[in-house]
Amino acid sequence: MNDIRLQGIGMTSRRTRDRLIVRLREQNIQDEKVLAVIKETPRHIFIDEALAHRAYEDTALPISFNQTISQPYIVAKMTEVLLAGGPLKHVLEVGTGSGYQTAILAQLVEQVFSVERIKPLQDKARHRFRQMGLKNIRLQHTDGGMGWSSKAPFDGIMVTAAPQEIPEELLAQLAIGGRLVIPVGQEQQQLKLVVRVNVRDYDTRIIENVRFVPLLAGTIQ
Ligand code: SAH
């Protein structure tokens, strides 16, 4: 990654990124592997150039189509919670969006399968993964509420848009011992961790209150 666009200058420089890591530690993100990957990942390439100078602020930012790139703290928290059970091989992400969360996951697990309902967002994300040289990401343009059944079971599933209730399909596509991290609710949303204990039983824990865009049905070309 020695290209100047990837490295960043000024407000997208290394020092600015270091400050973000300090802030994430202050907010109690403890997984060193997660912190290291966030530190090395150029968030500014996942944002429109006009906003790139704000890439390392700990805030969500607009991408196109009324969507947002998640706040770094939330990306860090969800990744930490997903990985807390041990290394993951086969991970599904619902809501590729800018691809930032996808890129973080791809550096921490063996293979990421990510689905997005808005085609132009997916196309941009694919270009960014190429720029970063990430090769362990498979993308699909689909309604991710249905999961990705041909690639199931997953030992981790991360959802980055909020349904009103956890989709049954996602629960069914979780491996035994697998972990699902998902925001749930409308106005009041809670980030939940669901662990599949055995074929029938799931253990659910509330992590914290969050605010995500809604998980919507159907696709946009
Ligand atoms: N992790 C992304 C978050 C983007 S916002 C990032 O940091 O950039 C959530 C994304 O979920 C949006 O791109 C939205 O289009 C997508 N989304 C919403 N409902 C979906 C669905 N049913 N299937 C797939 N993607 C969906």
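Rules behind the numbers
- Residues numbered from 1 in each chain as written.
- Predicted model: local features only at pLDDT ≥ 70, side-chain atom pairs only at ≥ 80, totals over all residues.
- Heavy atoms only, no water.
- Salt bridge = Lys/Arg side-chain N within 4 Å of Asp/Glu carboxyl O.
- Helix = DSSP H or I, 4+ residues; strand = E, 2+ residues; numbered from the N terminus.
- Buried < 20%, exposed > 50% of the residue type's maximum accessible area, 1.4 Å probe, protein only.
- Near = heavy atom within 4 Å.
- Polar contact = N/O pair within 3.5 Å; in protein donor to acceptor, adjacent residues only side chain to side chain.
- Areas by Shrake-Rupley, 256 points an atom, 1.4 Å probe, with all protein chains shown as cover.
- Pairing = 2+ DSSP bridges.
- UniProt positions renumbered as here; feature names shortened; annotations may be inferred.
- Contact = heavy atoms within 4.5 Å.
- 1 Å grid on protein atoms, 1.4 Å probe; cavity = no way out; pocket = protein on both sides within 12 Å on 5 of 7 lines; lining within 4 Å.
- Points joined across faces, edges and corners; volume = space filled by probe spheres on them.
- Nonpolar A, V, L, I, M, F, W, Y, C, P; charged D, E, K, R; others polar.
- Axes fitted to C-alpha atoms, helices over the stretch in contact; angles between N-to-C directions.

Asks: Help me understand the pattern of salt bridges, please; the structure alone is not making it clear to me.
Replies: According to the stated counting rule, one finds 8 salt bridges in the structure shown. Where Lys39 meets Asp18, a salt bridge forms, and the shortest distance between an N and an O atom there is 3.7 Å. One end of the pair, Lys39, is in helix H3 (residues 32–40); the other, Asp18, is in helix H2 (residues 14–26), with 21 residues separating them in the sequence. What makes Lys39 partly exposed here is its relative accessible area of 30%. Taking the shortest distance from any N to any O, the salt bridge between Asp123 and Lys119 comes out at 3.0 Å. Taken as a pair, Asp123 and Lys119 lie in helix H6 (residues 119–132) at a separation of 4 residues, close to a single helical turn. On the basis of relative accessible area, Asp123 is assigned to the partly exposed category, the value being 34%. A single salt-bridge network, built from bridges that share partners, covers Lys119, Asp123 and Arg126.

Asks: Could you clarify how one ought to interpret the site of the ligand in this entry?
Replies: Neighbouring residues of the ligand: 25 residues in total, closest Ser98, Glu116, Asp143, Gly144 and Leu216. In this structure, Ser70 approaches the ligand through a main-chain N or O atom, which is 3.1 Å from an oxygen atom. Taking Glu116, its side chain carries an N or O atom lying 2.6 Å from an oxygen atom of the ligand. When the free accessible area of the ligand is taken as 570 Å², the share hidden by the protein chains comes to 99%.

Asks: Even after reading the chapter, I still don't get the pairing of strand E7 (residues 174–185), so can you show me in this structure?
Replies: Within a regular strand, the side chains alternate between the two sheet faces. Where burial is concerned, most of E7 is hidden: 10 out of the 12 residues are buried. In terms of strand pairing, strand E6 (residues 154–159) meets E7 through 4 bridges, oriented parallel. Looking across to E7, one finds that Met158 is bridged to Val181. Relative to strand E8 (residues 189–196), E7 runs antiparallel, the two being bridged by 7 bridges. Residue pairing across strands places Arg179 opposite Val195, the latter belonging to E8. The hairpin turn running from E7 into E8, its antiparallel successor, is 3 residues long.

Asks: What should I look at first to understand the UniProt feature "active site" (unreviewed entry) in the protein in this one?
Replies: Feature annotation in UniProt places "active site" (unreviewed entry) on Ser70, given in this structure's numbering. Here Ser70 shows up in the loop between strand E2 (68–69) and helix H4 (72–83). Its relative accessible area of 16% is what places Ser70 among the buried residues. Residues within four places of Ser70 in sequence aside, it is in contact with Arg43, Thr59, Ala60, Val75 and Phe212.

Asks: I'm lost on the layout of surface pockets in this one. Help?
Replies: Regions of empty space are outlined by a rolling probe, equal in size to a water molecule, passed over the atoms. Each pocket or cavity is described by its volume, and for the largest pocket that value is around 450 Å³. In terms of lining, the largest pocket is formed by 33 residues, of which the most central are Gln67, Gly95, Thr160, Ala161 and Val213. Considered class by class, the residues forming the lining of the largest pocket number 15 nonpolar, 13 polar and 5 charged.

Asks: What's the story with the environment of Lys39 in this structure? I'm lost.
Replies: Between the alpha carbons of Lys39 and Tyr56 there is a distance of 9.8 Å; along the sequence they are 17 residues apart. Setting aside chain neighbours within four positions, we find Lys39 in contact with Arg14, Arg17, Asp18 and Ile21.

Asks: Explanation requested: the side chain of Thr41 in the structure shown.
Replies: By the secondary structure assignment, Thr41 is in the loop between H3 and strand E1 (61–62). The exposure class assigned to Thr41 is buried, which follows from its relative accessible area of 0%. Reaching out from Thr41, the side chain makes a polar contact with the backbone oxygen of Val37 at a distance of 2.7 Å. Leave out the neighbours within four places in its chain, and Thr41 touches Arg17, Phe46, Tyr56, Tyr100, Ile104, Gln107 and Met132.

Asks: Please explain the sheet that holds E7 as it appears in this structure.
Replies: Working definition: the strands of a sheet are paired by backbone hydrogen bonds and lie parallel or antiparallel to each other. The sheet built from 7 strands is open, its strands ordered E5-E4-E3-E6-E7-E8-E9 with mixed pairing. One side of each edge strand has no neighbouring strand; the edge strands of this open sheet are strand E5 (137–141) and strand E9 (202–210). If you compare each strand with its neighbour and ignore which way they point, the axes differ by 15° on average. In this sheet, E6 lies alongside strand E3 (residues 90–94) in parallel orientation, the contact comprising 4 bridges. When the bridges of E6 are listed, Val94 appears paired with Val159. Docked against the sheet, H6 engages strand E4 (111–116) and E5, running at close to 165° with respect to E5.

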